[in-house]
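# Report on the structure
Each chain is listed here by its residues.
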Amino acid sequence: MQKKVVVTGLGALAPNGNSVDHFWSAIESGTSGIAPITYFDASNHRVSIAGELKDFNPEQTLDAKEIRKLDPFSTFALVASDEAIKSSSINLETIDLDRAGVIIGSGIGGIQTLESEHDIIKSKGARRVSPQFVAKMIPNIAGGHVSMRFGFRGPSQTVISACASSNDAIGIALRLIRYGDADIMLTGGTEASITPLTIAGFANMRALSQNCEVPTAASRPFDANRDGFVLSEGAGMLVIESEEHALNRGAPILAEIAGYGSSDDAFHITQPAPEGLGAFKAMNRALEDSNISSTDIDYINAHGTSTPFNDKNESKAIGKLFKDSLSKLKVSSTKSMTGHLLGAAGGLEAVATVKSIMNERIAPTINYNNPDPECTLDYTPNKSVAHKINAALSNTFGFGGHNAVLCFRKYN
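First things first, this report covers the structure right here in the doc. (Residues numbered from 1 in each chain as written. Predicted model: local features only at pLDDT ≥ 70, side-chain atom pairs only at ≥ 80, totals over all residues. Heavy atoms only, no water.)

## Details of the environment of Gly400
To be explicit about the condition: Under the scheme used here, helices are H or I runs from DSSP no shorter than 4 residues and strands are E runs no shorter than 2 residues, and both carry numbers assigned from the N terminus. Contacts are residue-level and defined by heavy atoms, with any inter-residue pair within 4.5 Å sufficient.
Turning to its location among the elements, Gly400 is positioned in the loop between strand E13 (391-398) and strand E14 (402-409). Through-space distance from the C-alpha of Gly400 to that of Ser161 is 7.9 Å; in sequence the pair is 239 residues apart. Residues contacting Gly400, with those up to four places away along its chain left out, are Asp264, His268 and Ile269.

Pasting the structure below:
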């Protein structure tokens, strides 16, 4: 009999909240974190808005000297992990650190460092490139820093599967605990990719919303007038552990992480498979892994990027898989308020899903004003609603056709 795995800690950094409580309060009230870009002059870019962290002060958690040696994606991971560890009430002096691990997802890694050091080599020459460049930039380094901070000597990996990275990371962490390779895992995702090059690249391929006049209205998942996603940054981290381990240490159990499913479209490098076939398979595999029926799902935190193809195909996949229970199924896209955190999206949305289960409340899809005839589900438009949630899915789909879905369940 496989081990039951539970969630005991949460940490969040989002454009609309620098802690789990502030983030949840914002999405419950329908508050967007999208605003004009301040990190650089975006006046010559097609897109000038993003989901930057607001009033973020990492010195409250990390030493200023330490921060200077980190790319922001590592800083975000460390701060969100610190919150998750504290909320889980772990005593690092008493747990077996050889059976505690870290798996983090990141789609891009230290691109801010890459861009800044590239500018230096072009303008000042090779000898002026920082000796810390490689150790700040490589995508696995956030997980390395997190492992060192807490002394976790168990499995440590980094998952890169575009916008599915976090869900794949959490899913692999779930299985490591089930297989007996670890008792406790710190897992989720981090991303800090609001840079001139990244914004230009996504904007020039027409992936980003160009509705920059009203930033808070730019992310419009499932709306007929959606025109692309809004790039954002942040981190979402979870502490997950075997039920036995959690009970033995008297941990606060927030929810059960019941299952994980993944697939690949094998269709197109950026567009989802027709009719959302890959998404359908990943959701179905998550249900099978959880040993529950589609009719048991009360809520889906959708990938819901606000792009024409994703929202249509995800809706079709949900409609096909849940055809027998659509009358009770609630769906929403918290990206309408946070924007798209790329590889960190699944981590933050896992936090949102667990909080939804705990509070029996579903955050809305804001900016939903014009129904799309090809998107016909209940997207929880514009206002949060009370809704008893016994089981929920959290969907993530990424470039390359990667699909990863998590199933969370109320803990009994």
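## Observations concerning the state of the cysteines
Quick note on the threshold: Two cysteine sulfur atoms make up a disulfide if the distance between them is within 2.5 Å.
Under the defined criterion, the tally for this structure stands at zero disulfides. Sulfur of Cys163: no disulfide; nearest cysteine sulfur belongs to Cys375 and is 18 Å away.

## Comments concerning the packing of helix H1 (residues 20-28) against helix H13 (residues 345-359)
Applied cut-off: Orientation is described by lines fitted to C-alpha atoms, with helices fitted over the stretch in contact, and by angles between N-to-C directions that extend from 0 to 180 degrees. Angular relationships are summarised with four words: roughly parallel below 35 degrees, roughly antiparallel beyond 145, roughly perpendicular across 65 to 115, and oblique for the angles in between. The nonpolar class holds Ala, Val, Leu, Ile, Met, Phe, Trp, Tyr, Cys and Pro. Asp, Glu, Lys and Arg form the charged class, and all remaining residues, Gly among them, are polar.
Interaxial distance between H1 and H13 falls to 11 Å at its minimum, and their mutual angle equals 75 degrees. The orientation of H1 with respect to H13, classified from their angle, is roughly perpendicular. Between H1, through Val20, Asp21, Phe23, Trp24 and Ile27, and H13, the contact on the second element is made entirely by Leu348, Val351, Ala352, Lys355, Ser356 and Asn359. Across the contact of H1 with H13, the residue classes tally to seven nonpolar, two polar and two charged.

## Some remarks on the sheet that holds strand E9 (residues 299-301)
Selection rule: At least two DSSP bridges between two strands are needed for those strands to be called paired.
Pairing is mixed across the open sheet formed by ten strands, whose spatial order is E5-E4-E6-E7-E1-E8-E14-E13-E9-E10. Bordering the open sheet on either side are strand E5 (156-159) and strand E10 (330-332), each of which pairs with just one other strand. Adjacent strand axes in the sheet meet at a mean angle of 25 degrees, parallel and antiparallel pairs treated alike. Inspection of the sheet shows strand E1 (residues 5-13) paired to strand E7 (residues 234-242) by eight bridges, in the antiparallel sense. Opposite Leu10, over in E7, you have Leu238 as the bridge partner. Along the sheet face, helix H10 (residues 277-290) touches strand E8 (255-264), E13 and E14 and points at about 145 degrees away from the line of E8.

## Describing the pattern of salt bridges
Selection rule: Salt bridge, as applied in this entry: a Lys or Arg side-chain nitrogen positioned within 4 Å of an Asp or Glu carboxyl oxygen. Three exposure classes are used, based on accessible area relative to the maximum for each residue type with a 1.4 Å probe and protein chains only: buried under 20%, partly exposed in between, and exposed over 50%.
Per the stated rule, a full pass over the model turns up 18 salt bridges. Residue Glu275 pairs with Lys316 through a salt bridge whose shortest N-O separation is 3.6 Å. Pair noted here: Glu275 is in the loop between E8 and H10 and Lys316 is in helix H11 (residues 308-321), with a separation of 41 residues, a long-range link. We note a salt bridge from Glu349 to Lys335, for which the minimum N-O separation is 2.8 Å. Of this pair, Glu349 sits in helix H13 while Lys335 is found in helix H12 (residues 335-338), placing the two residues 14 residues apart along the sequence. Classification of Lys335 by relative accessible area gives buried; the value is 1%. In this structure, a network of salt bridges that share partners links the residues Asp82, Lys86 and Arg149.

## Observations regarding the pairing of E13
In terms of burial, E13 is largely enclosed, as eight of its eight residues are buried. Taking every second residue as pointing to the same face, both faces of E13 are buried, with Ala391, Leu393, Asn395 and Phe397 on one and Ala392, Ser394, Thr396 and Gly398 on the other. Bridging between E9 and E13 involves three bridges; their strand directions are parallel. Bridging across to E13, Tyr299 finds its partner in Ala392. With eight bridges connecting them, E13 and E14 associate as antiparallel partners. Residue Leu393 lies in a different strand from E14, and its bridge partner there is Cys407.

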